[in-house]
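Descriptive structure summary
Chain by chain, the residues:
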Amino acid sequence: MLFACTQKNQQEPVITPWGEIADSIPLDDDFDLDDIQRNGELIALTLTGPDTYYDYRGRHLGTQYLLCQRFADKLGVSLRMEVCRDSAEMVMRLEDGDADLICYPMTKKGVGWVVGPDKEDLQEELDHWYEPRLLEEVKKEEEFLLSAKSVKRRVFSPMLNREGGVISHYDGYFQHYASTIRWDWRLMAAQCYQESTFDPQARSWAGACGLMQIMPGTADHLGLARADIFNPEKNIAAAAKYLGELERNFSDIREHSERIKFVLAAYNGGHFHIRDAMALAKKNGKNSQRWGEVEPFVLGLSQPQYYNDPVVKNGYMRGSETVDYVRKIHERWNGYRGVRTVRSTFAPSAVPQKAKHERKKKYKISQE
């Protein structure tokens, strides 16, 4: 036992280009609050879910995540969230020292988070910081961010001159850049109205900018200078380039009319989430190449039995928003073309129970 304790307290040598030096952190260091602040990062474990942590159009949301971000801000450090498959994995990783705390309501005490062993200072700081009002504040913050009020834009008419067939001031750009990806320009115009209502200065809380609501990170990827992100032509050109990339990502979907729906869904909800829904459809005996058979599983990704399924790699998503996005764009596109919209129907057995209820509710509202 004495030998083991002595070994634990010794600093292990580290081999560097300059020779052998002692490790800067002793092996028995508990890495408590001072060390976390010195290191500049708080590591938290959580589960994916609507109340915990999820990706929303390139930004992270979830009540527990927003609350933990506030705590990290209080400590003056960045926050790194790591998603586990279940609570057992979270506990095991916390005990192994892989993280500082579990950002998930595991107990009835206070916020319910569990702090790593031998982190008394971090626990004390958390106990002093947390107040029940903070939970209500972040819930209201998230509700606002997910509402239409969080998008700053002016609302323009969905069609500038119906008799003359003029949709917007940007029709020339849509015609030119849609042709580069072999899309009907009126489809791209319909998508633009859904994104920004033709406001070139539109900006969302998440940072999406311009006519086609392009995220700054996506702009960097596409080679669109951030100084030009509100430029109508350059914004539309970049969006067409991105749509072309998404088309290639779904090149396994042979039928173009079907592929368009998957591309639009990915533009809104993320490519990887749509692939998760396709995997669920295939697992459940449905045609993963048909949007009508994948759509119910996009809706299903808001339910634990689906987003916790082993074939799902990217967790929870707000599927109803993405399904609504695709539907509205197609309805507007049909209107621009003078085509009557015929809504698809699904066999009851094909639709997850909660998703069925959600679709009926939406249909009833639209009829009113």
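Quick caveat: nothing in here was measured; it's all calculated off a predicted structure. (Residues numbered from 1 in each chain as written. Predicted model: local features only at pLDDT ≥ 70, side-chain atom pairs only at ≥ 80, totals over all residues. Heavy atoms only, no water.)

**Describing the overall build of the protein**
In plain terms, the rule: The helix count covers DSSP runs of H or I at least four residues long, the strand count covers runs of E at least two residues long, and both are numbered beginning at the N terminus. Only protein chains enter the accessibility calculation, which uses a 1.4 Å probe; a residue is then buried when its area is under 20% of its type maximum, exposed when over 50%, and partly exposed in between. Between two residues, a contact is recorded if the distance between any of their heavy atoms is within 4.5 Å. Here the open area of atoms and residues is found with the Shrake-Rupley method and a 1.4 Å probe, where only the protein chains shown may cover a residue.
Scanning the protein from terminus to terminus reveals 16 helices and eight strands. When burial is assessed residue by residue, the protein has 44% of its 368 residues classed as buried. Counted over contacts in the protein with a minimum sequence separation of 6, partners at least 24 positions apart contribute 59%. Working note: accessible area of the protein is about 19,700 Å², and carbon and sulfur atoms make up 50% of it.

**Some words on helix α3 (residues 63-75)**
Quick reminder of the rule: Any helix carries an expected span of 1.5 Å times its number of residues minus one.
Taking 1.5 Å per residue, 13 residues should reach 18 Å; α3 reaches 19 Å between its end C-alpha atoms and fits that length. Among all positions in α3, only T63, Q64, Y65, L66, L67, C68, F71, A72 and L75 are buried. Backbone geometry just after α3 places G76 at a positive phi near 80 degrees.

**Remarks on the nonpolar core**
Applied cut-off: As used here, the term nonpolar core means buried Ala, Val, Leu, Ile, Met, Phe, Trp, Tyr and Cys residues forming a set that is joined through side-chain atoms within 4.5 Å.
Judged by nonpolar contacts, the single largest core of 90 residues is most densely connected at L42, L101 and M212. Aside from chain neighbours lying at most four places away, what touches M212 is F174, M188, Q191, C192, E195, N235, I236, A239 and Y267. Formed by eight residues, the second largest nonpolar core is a distinct cluster that contains I43, L45, A99 and I102.

**Let's talk about unusual backbone geometry**
Look at T197: it is not a glycine, yet its phi comes out positive at around 50 degrees. With respect to the secondary-structure elements, T197 resides in the loop between α8 (185-196) and α9 (216-222). Unusually for a residue other than glycine, F198 sits at a positive phi of about 65 degrees. When you line up the elements, F198 lands in the loop between α8 and α9. F198 sits in the buried class, given a relative accessible area of 4%.

**Brief notes about the sheet that holds strand β6 (residues 78-83)**
Note the cut-off: At least two bridges found by DSSP between two strands is the condition for calling them paired. Structural elements are reduced to axes, namely lines fitted to C-alpha atoms, with helices fitted over the stretch in contact, and the angle between N-to-C directions of any two is expressed from 0 to 180 degrees.
The strand order across the open sheet built from four strands is β6-β3-β7-β8, with neighbouring strands paired in mixed fashion. Looking at strand neighbours, the two that pair on one side only are β6 and β8 (114-115), the edges of this open sheet. One ladder, built from two bridges, connects strand β3 (residues 41-46) with strand β7 (residues 101-102); its direction is parallel. By the bridge assignment, L45 is partnered in β7 with I102. Contacting β3, β6 and β7, α3 runs over the sheet at an angle of about 145 degrees to β6.

**Overview of helix α13 (residues 291-300)**
One turn of the α-helix equals 3.6 residues, which is why residues spaced by three or four share an orientation. Within α13, eight of the 10 residues are buried, which leaves it mostly tucked inside the rest of the structure. Turning to α13, its buried residues are W291, V294, E295, P296, F297, V298, L299 and G300.

**With respect to the confidence of the model for the protein**
Close inspection of predicted coordinates is inappropriate for parts of the model with low pLDDT. What counts, and what does not: In predicted models, pLDDT denotes the confidence assigned by the predictor to each residue on a 0 to 100 scale.
Across the protein, pLDDT averages 86, with 84% of residues at or above 70. A low-confidence stretch, residues 1-11 (pLDDT under 50), is modelled with seven contacts involving residues beyond four sequence positions or located in other chains. Every residue in residues 345-351 scores below 50 in pLDDT, and together they form 12 contacts with partners more than four places removed in sequence or on other chains.

**Considering the packing of aromatic side chains**
Quick note on the threshold: A pair of Phe, Tyr and Trp rings is counted when the ring centres sit within 6.5 Å of each other, with Trp represented by its six-membered ring. The angle between the planes then sorts it: under 30 degrees is stacked, over 60 is edge-to-face, the rest tilted.
Following the criterion strictly, the structure yields 13 aromatic pairs and no others. Plain terms: the ring middles of Y56 and W205 are 6.2 Å apart, the flat faces sit at 5 degrees to each other, and that makes the pair stacked. With a gap of 149 residues between them, Y56 in strand β4 (residues 54-56) and W205 in the loop between α8 and α9 connect regions that are remote in the sequence. With relative accessibility at 11%, the residue Y56 sits in the buried group.

**Some words on the packing of α8 against helix α15 (residues 319-337)**
Quick note on the threshold: Angle categories: roughly parallel below 35 degrees, roughly antiparallel above 145, roughly perpendicular from 65 to 115, and oblique for all the rest. A clockwise turn of the near helix away from the far one marks a right-handed crossing, whereas an anticlockwise turn of less than a right angle marks a left-handed crossing. Under the convention adopted here, Pro, Cys and the residues Ala, Val, Leu, Ile, Met, Phe, Trp and Tyr are nonpolar, Asp, Glu, Lys and Arg are charged, and Gly plus all remaining residues are polar.
Look at α8 against α15: their axes get within 8 Å of each other, and the N-to-C directions meet at 130 degrees. Considering their axes alone, α8 and α15 lie oblique with respect to each other. For the crossing formed where α8 meets α15, the hand is right-handed. Two secondary-structure elements touch here, α8 through R186, L187, A189, A190, Q191, Y193, Q194 and E195 and α15 through Y325, K328, I329, R332, W333, Y336 and R337. Its residues assigned to classes, the contact of α8 with α15 comprises eight nonpolar, two polar and five charged.

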